[in-house]
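Take a look at the letters that make up each chain.
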Amino acid sequence: MSLVVENFLAVKAEVEAAAAAAGRDPGEVKLLVVSKTIPLPVIEELYACGVREFGENRISELAGKAAAMPGDVVWHFIGPVQSNKVRKIVQCADVIHSVDTVEKLERFDRIAGEEGKHPEILLEVNVSGEASKGGVAPAELPVLAAAAAGCAHLRCRGLMTMAPPAAEHDELMRIFSALRRLRDEVAAAGSRDWPVLSMGMSRDFPEAIDCGATIVRIGSRIFAGVPR
């Protein structure tokens, strides 16, 4: 068994254990492998052991990998959205995690219609308030959610956030709990089906799972020590 497969299985076991510790069904939490900067042969090793969902934050890299990998891979775009890259993102990504303005929603919706696509989207919320982070402010989420509901070619499925890299346990719990509350409140107000909470990465996924994460985005733990 290769190192990357060993790492993946170890992280998968930790994710399942964190779900069980939170009183949740481990099947409720998806482990999204963040494969940015990882060479194709390494990704193919994970594919061979059954991994079918990968996350990328640069569309040029995603496009190349999507063209080379089998068609049953589900590609998640998790990086910041540039307006001139929207068409390529729609062409290559099945799930888009980082939509945070009405203008981007409208552009994605129009281009998805032109491309005959219906990608899933998540609305990115800047819960922590960091100036360096993308995402809509929590107070502005209802407006963005209403705009998403009016998009004919996009399927809004929930919310995404990122916690500060140095955040400790209590702050992480506050941020991730706040995203879940926002999801519940805005979904209920609009009678929306929003089952997805994309939150938690390599260092903070246990807290995210405890607060209701349904997708955890993990890369560095899986690819630790793997030659690139």
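Now for a quick tour of the structure. (Residues numbered from 1 in each chain as written. Predicted model: local features only at pLDDT ≥ 70, side-chain atom pairs only at ≥ 80, totals over all residues. Heavy atoms only, no water.)

### Looking at the nonpolar core
Right, so step 1: Core analysis: the biggest nonpolar cluster contains 72 residues, and L123 and I222 have the highest contact counts within it.
Right, so step 2: Element by element, the count of residues in this core is highest for helix α7 (residues 169-189), at 8 residues.
Right, so step 3: Leave out the neighbours within four places in its chain, and L123 touches V99, L105, L141, L144, A145, A148, C156, G158, L159, M160 and W194.
Right, so step 4: Counting residues in hydrophobic clusters, the runner-up holds 7 residues, among them L32, V34, L122 and V196. (Core = buried A, V, L, I, M, F, W, Y, C linked by side-chain atoms within 4.5 Å. Buried < 20%, exposed > 50% of the residue type's maximum accessible area, 1.4 Å probe, protein only. Helix = DSSP H or I, 4+ residues; strand = E, 2+ residues; numbered from the N terminus. Contact = heavy atoms within 4.5 Å.)

### Observations concerning the pattern of salt bridges
Right, so step 1: Taken as a whole and judged by the stated rule, the model has 16 salt bridges.
Right, so step 2: We note a salt bridge from E120 to R155, for which the minimum N-O separation is 3.9 Å. Of this pair, E120 sits in strand β5 (residues 120-124) while R155 is found in strand β6 (residues 155-160), placing the two residues 35 residues apart along the sequence.
Right, so step 3: For E120, a relative accessible area of 22% translates into the label partly exposed.
Right, so step 4: Residue classification places R155 among the partly exposed positions, given a relative accessible area of 43%.
Right, so step 5: Each of R87, R110, E114 and E115 takes part in a single network of salt bridges with overlapping partners. (Salt bridge = Lys/Arg side-chain N within 4 Å of Asp/Glu carboxyl O.)

### Quick notes on the pairing of strand β2 (residues 53-56)
Right, so step 1: Of the two faces of β2, the one lined by E53 and G55 and the one lined by F54 and E56 are each fully buried.
Right, so step 2: Where strand β1 (residues 30-34) and β2 come together, 2 bridges link them in parallel fashion. Looking across to β2, one finds that V33 is bridged to F54.
Right, so step 3: Handedness of the crossover joining β1 and β2 through helix α2 (residues 40-48): right-handed.
Right, so step 4: In terms of strand pairing, β2 meets strand β3 (residues 74-77) through 4 bridges, oriented parallel. Paired with E56 across the two strands is F77, which belongs to β3.
Right, so step 5: The handedness of the β2 to β3 crossover, carried by helix α3 (residues 59-68), is right-handed. (Pairing = 2+ DSSP bridges. Right-handed = clockwise from strand over helix to strand, strands pointing away.)

### A short note on the packing of helix α1 (residues 3-21) against α2
Right, so step 1: In the contact formed by α1 and α2, the axes pass within 9 Å of each other and the chain directions differ by 55°. In terms of orientation, α1 lies oblique with respect to α2. In this structure, α1 crosses over α2, and the sense of that crossing is right-handed. When α1 is examined against α2, the residues V4, V5 and F8 are found in contact with a partner set consisting of V42, E45 and L46.
Right, so step 2: Here the contact of α1 with α2 is built from residues that sort into 5 nonpolar, no polar and 1 charged. (Axes fitted to C-alpha atoms, helices over the stretch in contact; angles between N-to-C directions. Parallel < 35°, antiparallel > 145°, perpendicular 65-115°, else oblique. Left-handed = near helix turned anticlockwise from the far one by under 90°. Nonpolar A, V, L, I, M, F, W, Y, C, P; charged D, E, K, R; others polar.)

### Remarks on the side chain of E124
Right, so step 1: Along the chain, E124 falls in strand β5.
Right, so step 2: K104 provides the closest opposite charge to the buried, unpaired E124, separated from it by 6.8 Å.
Right, so step 3: With residues near it in sequence (within four places) discarded, E124 still touches H97, S98, V99, D100, G134, G135, V136 and M160. (Lys, Arg positive; Asp, Glu negative; His and termini not counted.)

### Considerations on helix α6 (residues 141-149)
Right, so step 1: Taken together, the buried positions of α6 are occupied by L141, L144, A145 and A148. Seen from one end, α6 has its buried residues packed into an arc of 100°, which puts them on one side.
Right, so step 2: Buried positions along α6 lie against β4 (95-99), α5 (102-115), β5, β6 and α7. (Arc of directions from axis to C-beta.)

### So, unusual backbone geometry
Right, so step 1: One non-glycine residue, T37, lies in the positive phi region at around 70°.
Right, so step 2: When you line up the elements, T37 lands in the loop between β1 and α2.
Right, so step 3: At S191, a residue that is not glycine, the phi angle is positive and equals roughly 50°.
Right, so step 4: Among the structural elements, S191 can be located in the loop between α7 and β7 (196-198).

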